[in-house]
Amino acid sequence: MSETFNAERLTRLCDFLRQSPTPWHAAGNMAARLEQAGFQRLEEKANWQLTPGKRYYVTRNDSAIIAFQLPESELTGLRMIGAHTDSPGLHLKPNATQCSAGWLQLGVQVYGGVLLAPWFDRDLGLAGRVHVRHADGHLESILLNVDRPIATVPSLAIHLDRDVNSGRPINPQTQMAPVLMQSDTATLPELLAQWLKEQHGLNGIEVVDFELGFYDVQPPSLVGVKQELVASARLDNLLSCFIGLEALLACDGSQGALLVANDHEEVGSASACGAQGPFLADVLKRINAQVGGKVGIQGDGRKGEKRDKKRDEKGSEETLIQLIQSSLMISCDNAHALHPNFRDKHDECHGPAINGGPVIKVNASQRYATNSVTGALFRDVCREADVPVQSFVTRADMGCGSTIGPITATELGVPTIDVGVPQWAMHSIRETAGSKDVEYLTRALVSFLNRASLS
């Protein structure tokens, strides 16, 4: 630990990763830290009363979260950080119970672009949310986390498949159902009732619905002779959620600042709590309506009041656009680090090094939202924070992934840049990043949130 940057922060990171097997758990853990730091919870169904100088947060679907701080002075712009709470994985089908060869298995569907091979022969737990009906008839949503090895996806022995190392495709329908117990009669609802009783003391409940997925119960760890690496499940993109939260809690509060962690990025972001949905826009409208600029029009009589209302609404729309255009979004999602065994997969001039600092991600086809204006500003932020900065561009003969950055920029029109910590094994069941890069990006984001000018 002595060779790493900020050992306490890395300990908090590992705890957060271990305790956040699903987006609901991640958002809940972020909310808990925000409340400890004095952030006030807001409910979307209630009227908001926002006060300059105060800090607030709100969730949607319990899996996405937005936290923001308002300056004591006039709100002229927001320094925004974006990330996402979801990760690729194996999720349960609604009628998941299936038996084969005397074993209980659970049918799964693939969520996002999963790297399937690393899922074999892992110790798997199960987590998500379950909706139950109590004896009196009322429904309740409950978080479940079976954080012990209850399942595995066993490999087929090489003796029975001599071509397995020659690139045999994996069929997720027929080859990825985890094995749970030796039984021809056990069912998933029975197991869920048992686990809910163990964790929440619930008796006499009926399982009505659920959203559950398997995950690797191996805890996060620091790896390497000098602990240069962080290895864990769900680094993409809980690492960015954690770093964004650390920066928001560490900044001086002098500027308007906002952290958004959307859900469903790995499947396209098209949901009520995804970046393509209205969550962030709804929050910005409510912030602007209460603490943004206002157009005050005087009038008399009923006709005058109607004219005033229309002009006030137009003025509110105008001040919202002004607020958005005076703001900046840093979309944080991990980048592909140069792999020592696959150097040819990178452009020779754009292979980010692990522990080489945050990465600016650029794509001419707008798969990333970075442009020269936002890129120059982030480079200046890193200069002020004394943090090294790198660039990533995919090879011209390869495709490119994307992030919430271009989607947020498209939906809001906010100036945006895509950055991230470099990592290996993206979308694997266990990913790897640099321990120093956690500190580098946190310091850069704190400097960004404290920055007096966005020009």
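Above this note sits the structure.
Rules of the game
- Residues numbered from 1 in each chain as written.
- Predicted model: local features only at pLDDT ≥ 70, side-chain atom pairs only at ≥ 80, totals over all residues.
- Heavy atoms only, no water.
- Helix = DSSP H or I, 4+ residues; strand = E, 2+ residues; numbered from the N terminus.
- Rg over C-alpha atoms; globule rule 2.2 N^0.38 Å.
- Buried < 20%, exposed > 50% of the residue type's maximum accessible area, 1.4 Å probe, protein only.
- Contact = heavy atoms within 4.5 Å.
- Areas by Shrake-Rupley, 256 points an atom, 1.4 Å probe, with all protein chains shown as cover.
- Lys, Arg positive; Asp, Glu negative; His and termini not counted.
- Charge placed at Lys NZ, Arg CZ, Asp CG, Glu CD.
- 1 Å grid on protein atoms, 1.4 Å probe; cavity = no way out; pocket = protein on both sides within 12 Å on 5 of 7 lines; lining within 4 Å.
- Points joined across faces, edges and corners; volume = space filled by probe spheres on them.
- Nonpolar A, V, L, I, M, F, W, Y, C, P; charged D, E, K, R; others polar.
- Axes fitted to C-alpha atoms, helices over the stretch in contact; angles between N-to-C directions.
- Parallel < 35°, antiparallel > 145°, perpendicular 65-115°, else oblique.
- Left-handed = near helix turned anticlockwise from the far one by under 90°.
- Phe/Tyr/Trp six-rings, centres within 6.5 Å; stacked < 30°, edge-to-face > 60°.
- Lys NZ or Arg CZ within 6 Å of the ring centre and 35° of its normal.
- Disulfide = S-S within 2.5 Å.
- Pairing = 2+ DSSP bridges.
- Polar contact = N/O pair within 3.5 Å; in protein donor to acceptor, adjacent residues only side chain to side chain.

S.K.: Explain the overall build of the chain to me, please; I cannot follow it from the model alone.
M.R.: Counting its secondary structure elements, the chain contains 10 helices and 20 strands. Taking 2.2 N^0.38 as the reference for a compact globule, 455 residues should give roughly 23 Å; the C-alpha atoms of the chain span a radius of gyration of 24 Å, in line with that estimate. Projected onto its principal axes, the C-alpha positions of the chain cover 85 × 65 × 40 Å. Counting across all 455 residues of the chain, residues that qualify as buried make up 51%. Sequence-distant contacts in the chain: of pairs separated by 6 or more residues, those separated by 24 or more amount to 76%. Looking at the chain as shown, the accessible area adds up to about 21100 Å², and 49% of this sits on carbon and sulfur atoms. Side chains of the chain give 42 positive and 52 negative charges; the mean places of these two sets differ by 5 Å.

S.K.: What should I look at first to understand the layout of surface pockets in this one?
M.R.: The calculated volume of the largest pocket comes to roughly 830 Å³. Within this model, the second largest pocket holds a volume of roughly 570 Å³. Pro23, Ser87, His91, Tyr111 and Gly213 are the residues nearest the centre of the second largest pocket, which is lined by 40 residues in total. At the level of secondary structure, the elements contributing two or more residues to the lining of the second largest pocket comprise helix 2 (23-36), strand 5 (89-100), strand 6 (103-111), strand 7 (124-133), strand 10 (206-216) and helix 5 (235-250). The element best represented in the lining of the second largest pocket is strand 10, accounting for eight residues. A breakdown of the residues in the lining of the second largest pocket according to their chemical character gives 18 nonpolar, 13 polar and nine charged.

S.K.: Hey, could you run me through the packing of helix 1 (residues 7-18) against helix 5 in this one?
M.R.: Helices that pack against each other are described as a pair by the angle of their axes relative to one another and the distance between those axes. Look at helix 1 against helix 5: their axes get within 10 Å of each other, and the N-to-C directions meet at 130°. Overall, the two elements helix 1 and helix 5 adopt an arrangement that is oblique. Considering only the axes of helix 1 and helix 5, their crossing is right-handed. Each of Arg9, Arg12, Leu13, Phe16 and Leu17 in helix 1 lies in contact with helix 5, whose residues at this interface are Leu235, Leu238, Leu239, Cys241, Phe242 and Glu246. In terms of residue class, the contact of helix 1 with helix 5 is made up of eight nonpolar, no polar and three charged.

S.K.: What's the story with the environment of Arg129 in this structure? I'm lost.
M.R.: Relative to the assigned elements, Arg129 resides in strand 7. Taking the C-alpha atoms as reference points, Arg129 and Ile142, separated by 13 residues in sequence, lie 5.5 Å from one another. Every residue in contact with Arg129, bar those within four places of it in the chain, is listed here: Trp24, Asn61, Asp62, Ser141, Ile142, Leu143, Phe210, Glu211 and Leu212.

S.K.: Explain the packing of aromatic side chains here, please?
M.R.: The description of an aromatic ring pair uses the distance of the two centres, along with the angle that the planes make with each other. A complete count under the given rule lists three aromatic pairs for this structure. A ring pair is formed by Tyr56 and Phe68, whose centres lie 5.6 Å apart and whose planes are at 35°; its orientation type is tilted. Here Tyr56 is found in strand 2 (residues 55-60), whereas its partner Phe68 is found in strand 3 (residues 64-69), with 12 residues between them in sequence. In terms of burial, Tyr56 and Phe68 fall into one category: buried. In this structure, Arg286 is placed above the aromatic ring of Trp48, and the distance from its NZ or CZ to the ring centre is 4.0 Å.

S.K.: Where do I start with the state of the cysteines in this structure?
M.R.: The term disulfide refers to a covalent linkage connecting the sulfur atoms of a pair of cysteines. Evaluation of the coordinates by the stated rule reveals zero disulfides. With no disulfide partner, Cys241 has as its closest neighbouring cysteine sulfur the one in Cys332, 9.5 Å distant. Considering cysteine sulfurs only, Cys400 is the nearest to Cys349, which forms no disulfide, with 17 Å between them.

S.K.: How should the sheet that holds strand 19 (residues 422-424) be read in this particular structure?
M.R.: Neighbouring strands of a sheet are bound in pairs by backbone hydrogen bonds; such pairs are parallel or else antiparallel. Strand order in the open sheet formed by five strands is 11-12-20-19-15, and the pairing between neighbours is mixed. Two strands close off the open sheet at either side, each with one partner strand: strand 11 (221-223) and strand 15 (335-336). Summarising the sheet, strand 15 and strand 19 pair through two bridges and their orientation is parallel. Residue pairing for strand 19: His336 is matched across the bridge by Gln423. Of the strands in this sheet, strand 12 (229-232), strand 19 and strand 20 (431-434) touch helix 5, which is tilted by about 35° from strand 20.

S.K.: Would you mind going over the sheet that holds strand 2 with me for this structure?
M.R.: Taken in spatial order, the nine strands make up an open sheet running 1-2-3-13-4-14-18-16-17, and their pairing is mixed. The open sheet has two edge strands, strand 1 (40-41) and strand 17 (390-392), and neither has a second partner. Alignment of strand 16 (residues 359-361) against strand 17, held across three bridges, turns out to be parallel. For Val359, the partnering residue across the bridge sits in strand 17 and is Gln390. Those strands touched by helix 6 (residues 279-291) are strand 2, strand 3, strand 4 (79-84), strand 13 (257-262) and strand 14 (328-332), and its axis lies near 25° from that of strand 3. Across the face of the sheet, helix 10 (residues 435-450) comes into contact with strand 4, strand 13, strand 14 and strand 18 (416-420) while running at roughly 145° to strand 4.

S.K.: Help me understand the side chain of His84 in this model?
M.R.: With respect to the secondary-structure elements, His84 resides in strand 4. There is a polar contact of 2.9 Å between the side chain of His84 and the side chain of Asp86. Engagement of the side chain of His84 in a polar contact is seen with the side chain of Asp333, the distance being 3.1 Å. Other than its neighbours up to four places away in sequence, His84 contacts Asp236, Asn237, Leu238, Cys241, Ala261, Asn262, Glu265, Glu266 and Asp333.

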